[in-house]
Number of protein chains: 2
Amino acid sequence: MTEPRETDTDTSDDDFQLSKQDVEAIDKAIDEGDGAALDTLLEPTHAADIADLIEQLNPSRRREFLKLYSGEIDGDILSEIDEGVRDEVIEQLPREVLAEAVREMDSDDVVDLIEDMDAPEREEILSALDESDRAAVEQSLTYPEYSAGRLMQSEVVTAPEHWTVGETIDFLRREEWLPDQFYHVILVDPRRHPIGYVTLGKLLASRREVALRDITEDSFRTISVLQDEGDVAHAFNKYHLISAPVVDEHDRLVGVITIDDAMSVLDEEHEEDILRLAGVGDESSITDSVIETMRQRVPWLGINLITALLASSVVALFENAIARLVALAVLMPIVASMGGNAGTQTLTVAVRGLATRSLTRANAMRVVRRELAVGLTNGVLFGVVLGTVTYIWFQDPKLSLVIGMAMIVNLFAAALGGILIPLGLEKAGADPALASGTFVTTVTDVLGFFTFLGLATAILL
Amino acid sequence: MTEPRETDTDTSDDDFQLSKQDVEAIDKAIDEGDGAALDTLLEPTHAADIADLIEQLNPSRRREFLKLYSGEIDGDILSEIDEGVRDEVIEQLPREVLAEAVREMDSDDVVDLIEDMDAPEREEILSALDESDRAAVEQSLTYPEYSAGRLMQSEVVTAPEHWTVGETIDFLRREEWLPDQFYHVILVDPRRHPIGYVTLGKLLASRREVALRDITEDSFRTISVLQDEGDVAHAFNKYHLISAPVVDEHDRLVGVITIDDAMSVLDEEHEEDILRLAGVGDESSITDSVIETMRQRVPWLGINLITALLASSVVALFENAIARLVALAVLMPIVASMGGNAGTQTLTVAVRGLATRSLTRANAMRVVRRELAVGLTNGVLFGVVLGTVTYIWFQDPKLSLVIGMAMIVNLFAAALGGILIPLGLEKAGADPALASGTFVTTVTDVLGFFTFLGLATAILL
C-alpha cells in the first residue's frame, strides 16, 4: 500500500523529485512509443511528480508523452500542472478522460481549473459535474478573483451545536461521502452560522457522552468569502490555522479553506513579489518558451530603456562639464551604482515588510524615519570613503568634495524613493512590488547624475 | 469560548491584526502604568497579535510594557516573537515565568528558542523541563542546524500495526497526554519503524472492528532527520502533506513535522532569497534599529563600492576616447542600466526556479539555452532600437553602430552571467541568491563599458 520511501543515502537536493534513472527510463519509453512501460514506470509516482514531468518536457515531446499516457491523467495530476502547460494538456485529453478527472476533483480545484477558460470550454467541463458539485463551482465563480470564495472548497463537515461526540462519530461512520482531508468538525446553529469547531484529535480523545460544545477550540476565526486570498494565507501562517470556515455576507457557512491551499497562495504571492521587483512578468515560469519569455521581459526592458534615456539626457545637459573634466565621466558609474543599490535595499525591505504585514500603519512613520536616518548616515559614510578614494586617484580636493556631497544627496534620495514609492503604491491600492528596481533606479540615476554633474559645474568649473 | 470574529465591514488590509483603537487603548494603559487594564485589553488577543505588538514597540517602550505585562507572557507568545526581539524579552522575564512558559511549549519550539543561546542560558531553560522533554530537546540539538531534526517535535501519536480502529480510539481516550494538534496516527512495527499512517478523518469514519492496516493512506513519505529544512518545506508544499514522520539513520521514528512549521520555513526561505538578492543582510527585520540596519547593509554597499570602482576603472581606460567624443559619456548610463536590468531578470528567474525546485538538472541545459537565446534576441532588438534612437539624437551612423553592437554583447553577457552564476553557486553548495544584483551588475557594467568604449575606440576614433 505504501510508496517506497525517499532514500536516506541520497543527500543531494534531488530528494522529493523523480530520480535521473526514472527520467531516463521514461524518456526511453516515450521514444519507443511504449505506453505499457510508461504506465508501469509511473504507477508508483505521485501526481505532483507526474505533473512536474509533464511541465519539464518540451512541447513536442509533451505531445508524444500525452499520446501514450493521456488516458491515465486524473484529477490529481491535472490540478498539479502549472496553468500555462495545463491548457495544452487539456486540449489533448480525450473528452471522457477530462470529464472523469474533473468529477474526482474538489470544488476549489475545479474552480482553479476553469476560472480562466472561455464560456464554451467552461460549460463543457461544468456539464461533466453532477448537479450539486456544479452548483458549488458556479457559486464560487460568482466571487471575485483572488478572493476566499474562489479558494475555498464547498465540501464541509458540520455538526449541529447540541451533538455529542458519540453522535458525531456515528454520523461520520454513516456518511458515505466525506472530503479526502478534513481537520475539524464545524459546529453550526440551525441557520448554518458557524459557532465553533472541534479538532478531530479532540473528538477521538473524548468519551462518547461529551458534548461537542465543551471541547471546541478557544481560538476560532471565520473568513469572509470576499477576503483577499493573500490576507487569508497570511492569517493561516500567523495564527497557525489548519483549516478555517468561510462565511458569506450573512455569516452563513459556505465553505472551508485548508492550509495546503493557503500555503500555495503564500508561495505564489512570494513569486509575484520577487518577479515583479526584478521587472519580470509575474506569470513567468521556468518552463516558458523563448517567445513567451520575451513577451514578458521585453516590455520591462522597453520601460527601462525609456528611463535610461531620461538619465542619459540629464548627463547630456552637462556635456561641456564632462568635456572639460573627463574624470566626471569616470566617476559617474559609481554614483549610479551606489544609488541604485541603496535604493533597492530599502525598496526590498519595504516590499517584504508590506507583504508579511510587519510594515503597518502603526509603524510606517518609524520605518520611514529609520530609512531616512540610515540613508543619510550611509551617505555621509560612503561620501567620506569615496571622497578619499577620489582624492587619492585624481589628486583634486574639489572633485573629492563634489563626489562626497553627491553621494550624501544620492543615498538620501535612494532611501526616500525606496520607502515612499512602495508605501504610496500600497496606499493607492496597487501592488508595492510594482515599484520594481526600474523605477527606483530611475529616481537615483536622474537625481544622482543631476546632483553630481550640477555640483561639479558649480564648484569645479 | 470563541473569539470575536473578524468584522466583514473592514475591507482594508488590516484584518488579522490589532485594530487602531486597540493599539491606542494599549498605548494609554502603558502610559498610565495600568497593568490591570492591559491584562483586560489583551485577554482576548491571540498570542501572535501580542507578539506582533511587542515587536512593534520601540525598545524603551517595550521595557515599560514588559514591566506591566511580563507575568502574562506564556509559551505561545514567546514562540511567536521574532528572534532579535525575543532575546530582549527573555532577559526581562521573571525566571519563574520563563520556566513556566518553556514547560508549556512543544519540543520544536523549545529547540527554536534555545538553539542560539550560550551554554549557561541554555542550561537554565533546560533545567525547567521535566526529564523526558529535556531529553527530547537535547536529542534535537544534536542534529545540524536547519535540519528536519531541529524542526520536528518529538511528541508523536503512534499505534502498533496490528491495532483496530476501536483499540486506537480507546487508547486515545485513555491517554492523558496528547499533542495539541495532530493529524495522523502513525503505524509502527515493534522496532518503531513507521510503516504507514491513518488520517484522523478515516479513523473517525471507520467502524471499530476495522484494522488500521486497511485504512492507511496510499501515499506515505518519511523524512530523514538530516534532511535540509528547505527541502522539507518544499516537499510539504509539493505533495500537500499535513504532517510527516521523521526517522533516524536506522529508520526509526523519532518525531513528526507538521505543516504549520513547514509553512514558516517556506516563508523564511523566501525572505532569505528576496533579501539576499537585494544585497540586504538576510536577517534584517522591519523592527531593527538604525544601527542594526546599518550593520546589515553597509557591508553590501561596501562590496558594491568596490565593484563600482572596478567598473569606473574600465571607463578610466578610455578617458581619451570620452574626451574626444562626449556623446560616449552620455550613452554610458544606458549600457549599464540595460545590462543590469536584463541580468537581474535572468538572475531572479533562475534563483526562483532553484528555490522552487522547478529548475533542475533535468532541464538546466534547456533553461540556459533559452536564456542565451532570449539574451541574444533582446540584444539584437534593443540594439536596433537604441541604434536608431542614437542616430536620431547624434546623427552619427558609426556611433549608432557601436552602441547597437555593444547592446547585443551586453544583453548576451547579462543572460550568461544571470544564469551561470546562480547555477554555479548552487552546484558549489552555496545559496544561489547570494549572486545578488551586486555581482551580476558588476559583470554587466564591466563588460558593457569595455565593449561599448572599446568598440568606440576601434571604430570611431
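Residues numbered from 1 in each chain as written. Chains lettered and ligands numbered in written order. Predicted model: local features only at pLDDT ≥ 70, side-chain atom pairs only at ≥ 80, totals over all residues. Heavy atoms only, no water.

(A) Geometry of the side chain of A:Gln56. For A:Gln56, the position within the fold is in helix H3 (residues 47-56). A relative accessible area of 16% places A:Gln56 in the buried class. At 3.4 Å, the side chain of A:Gln56 forms a polar contact with the side chain of B:Thr360. A:Gln56 has contacts with B:Ser358, B:Thr360, B:Ala362, B:Asn363 and B:Arg366, leaving out every residue within four places of it along the chain. (Helix = DSSP H or I, 4+ residues; strand = E, 2+ residues; numbered from the N terminus. Buried < 20%, exposed > 50% of the residue type's maximum accessible area, 1.4 Å probe, protein only. Polar contact = N/O pair within 3.5 Å; in protein donor to acceptor, adjacent residues only side chain to side chain. Contact = heavy atoms within 4.5 Å.)

(B) Looking closely at the domain arrangement of chain A. Taken as a whole, chain A is organised into domain 1 (20-142), domain 2 (158-262) and domain 3 (290-460). Spacing between the C-alpha centres of domain 1 of chain A and domain 2 of chain A amounts to 31 Å. (Domains from an automatic or database assignment.)

(C) Focus on the interface of chain A and chain B. Of the residues lining the interface, 147 residues belong to chain A; the matching set on chain B comes to 147 residues. For the chain A and chain B pair, buried surface summed over both sides reaches about 13200 Å², with 59% attributable to carbon and sulfur atoms. Of all residues in chain A, A:Phe16, A:Leu204 and A:Ile286 bury the most surface against chain B, accounting for 7% of the area lost on that side. At the boundary of chain A and chain B, one finds ten salt bridges. Residue B:Asp52 is joined to A:Lys238 by a salt bridge in which the shortest nitrogen-to-oxygen separation is 2.7 Å. (Buried area = accessible area lost by both parts, 1.4 Å probe. Salt bridge = Lys/Arg side-chain N within 4 Å of Asp/Glu carboxyl O.)

(D) Layout of the relation of the copies chain A and chain B. If you rotate chain A by 180° and push it 0.0 Å along the axis, it lands on chain B with an RMSD of 0.1 Å. Such a turn and shift between the copies fits a two-fold axis. Both copies present the same face, since 100% of the interface residues in chain A are matched by interface residues at the equivalent positions in chain B. (Least-squares fit on C-alpha atoms with pLDDT ≥ 70 in both.)

(E) Layout of the pattern of salt bridges. Taken as a whole and assessed by the stated rule, the structure comprises 46 salt bridges over all chains. Across the salt bridge formed by A:Glu32 and A:Lys28, the nearest N and O atoms sit 3.8 Å from each other. The same class applies to A:Glu32 as to A:Lys28, namely exposed. For A:Glu371, the salt bridge identified is with B:Arg297, shortest N-O distance 2.8 Å. In this pair, A:Glu371 sits in helix H19 (residues 361-394) while B:Arg297 sits in helix H16 (residues 290-317), so the two residues belong to two different chains. Each member of the pair, A:Glu371 as well as B:Arg297, carries the same accessibility label: buried.

(F) Geometry of the pairing of strand S2 (residues 184-188) of chain A. All names here are of chain A. Here S2 lies mainly inside the structure; five of its five residues are buried. Here S2 shows two buried faces, one formed by His184, Ile186 and Val188 and the other by Val185 and Leu187. Note that strand S1 (residues 158-160) and S2 share three bridges and pair parallel. Its bridge partner lying in S2, Ala159 is registered against Leu187. Tracing the backbone out of S1, into helix H12 (residues 165-174) and back to the parallel element S2 gives a crossover that is right-handed. Sheet topology places S2 next to strand S3 (residues 194-199); five bridges connect them, and they run antiparallel. Bridge assignment links Ile186 to a residue of S3, and that residue is Tyr197. Hairpin connection from S2 to S3: five residues lie between these consecutive antiparallel strands, with Arg192 at a positive phi of about 65°. (Pairing = 2+ DSSP bridges. Right-handed = clockwise from strand over helix to strand, strands pointing away.)

(G) Fine view of the UniProt feature "transmembrane region" (unreviewed entry) in chain A. Those residues carrying the UniProt feature "transmembrane region" (unreviewed entry) are residues 298-318, 324-351, 372-394, 400-421 and 433-460 of chain A in this numbering. For residues 324-351 of chain A, the end-to-end C-alpha separation is 42 Å, with 93% helix and 0% strand making up the annotated structure. (UniProt positions renumbered as here; feature names shortened; annotations may be inferred.)

(H) Spatial organisation of the sheet that holds strand S6 (residues 253-258) of chain A. Residues and elements named next belong to chain A. With mixed pairing, the three strands of this open sheet are ordered in space as S4-S5-S6. Two strands close off the open sheet at either side, each with one partner strand: strand S4 (223-224) and S6. Pairing of strand S5 (residues 243-247) with S6, which is carried by five bridges, proceeds in the antiparallel orientation. Each residue of the ladder has a partner; that of Pro245, found in S6, is Val256.

(I) Quick peek at the packing of aromatic side chains. All names here are of chain A. Going through the model one piece at a time under the given rule, you end up with 13 aromatic pairs over all chains. Considering the side-chain rings of Tyr197 and Phe220, the 5.0 Å spacing of their centres and the 75° angle between planes classify their relative orientation as edge-to-face. Taken together, the residues Tyr197 in strand S3 and Phe220 in the loop between helix H13 (200-205) and S4 connect sequence positions 23 residues apart. Judged by its relative accessible area of 4%, Tyr197 falls in the buried class. Positioned above the aromatic ring of Tyr239 is the side chain of Arg221, whose terminal nitrogen or guanidinium carbon lies 3.7 Å from the ring centre. (Phe/Tyr/Trp six-rings, centres within 6.5 Å; stacked < 30°, edge-to-face > 60°. Lys NZ or Arg CZ within 6 Å of the ring centre and 35° of its normal.)

(J) Geometry of helix H6 (residues 83-92) of chain A. Residues and elements named next belong to chain A. Every buried residue of H6 is accounted for by Val85, Arg86, Val89 and Ile90. Looking down the long axis of H6, one finds its buried residues gathered within 140° of arc, a one-sided arrangement. H6 presents Gly84 and Glu91 as exposed residues on the side facing more than 90 degrees away from its buried surface. Tucked into the core, H6 has its buried residues touching H3, helix H4 (59-69), helix H5 (75-80), helix H7 (95-104) and helix H8 (107-114). (Arc of directions from axis to C-beta.)

(K) Region of the structure containing unusual backbone geometry. For A:Tyr146, which is not glycine, the phi dihedral falls at a positive 65°. Taking the relative accessible area as the measure of exposure, A:Tyr146 reaches 49% and is therefore partly exposed. A positive phi angle, close to 55°, is found at B:His240, a residue other than glycine. Positionally, B:His240 belongs in the loop between helix H14 (229-239) and strand S5 (243-247).

(L) Highlighting helix H18 (residues 327-355) of chain A. The terminal C-alpha atoms of H18(A) lie 43 Å apart, and with 29 residues this matches the ideal 42 Å at 1.5 Å per residue to within 8%. For H18(A), a buried count of 27 out of 29 residues is recorded, marking the element as mostly surrounded by other parts of the structure. (Expected span 1.5 Å × (residues − 1).)

(M) Spotlight on the nonpolar core. In terms of nonpolar packing, the biggest core is built from 73 residues, with A:Ile322, A:Leu328, A:Phe452, B:Ile322, B:Leu328, B:Phe452 and B:Leu453 touching the most fellow members. Among the nonpolar cores identified, the runner-up in size contains 62 residues, and A:Ala48, A:Tyr143, A:Ala262 and B:Ile242 belong to it. (Core = buried A, V, L, I, M, F, W, Y, C linked by side-chain atoms within 4.5 Å.)

(N) Structural view of the confidence of the model for chain A. In this model, chain A carries an average pLDDT of 89, and 96% of its residues clear a pLDDT of 70 or more. Note that pLDDT drops below 50 for residues 1-14 of chain A; the model gives that stretch 29 contacts with residues more than four away or on any other chain. (pLDDT = per-residue confidence, 0-100.)

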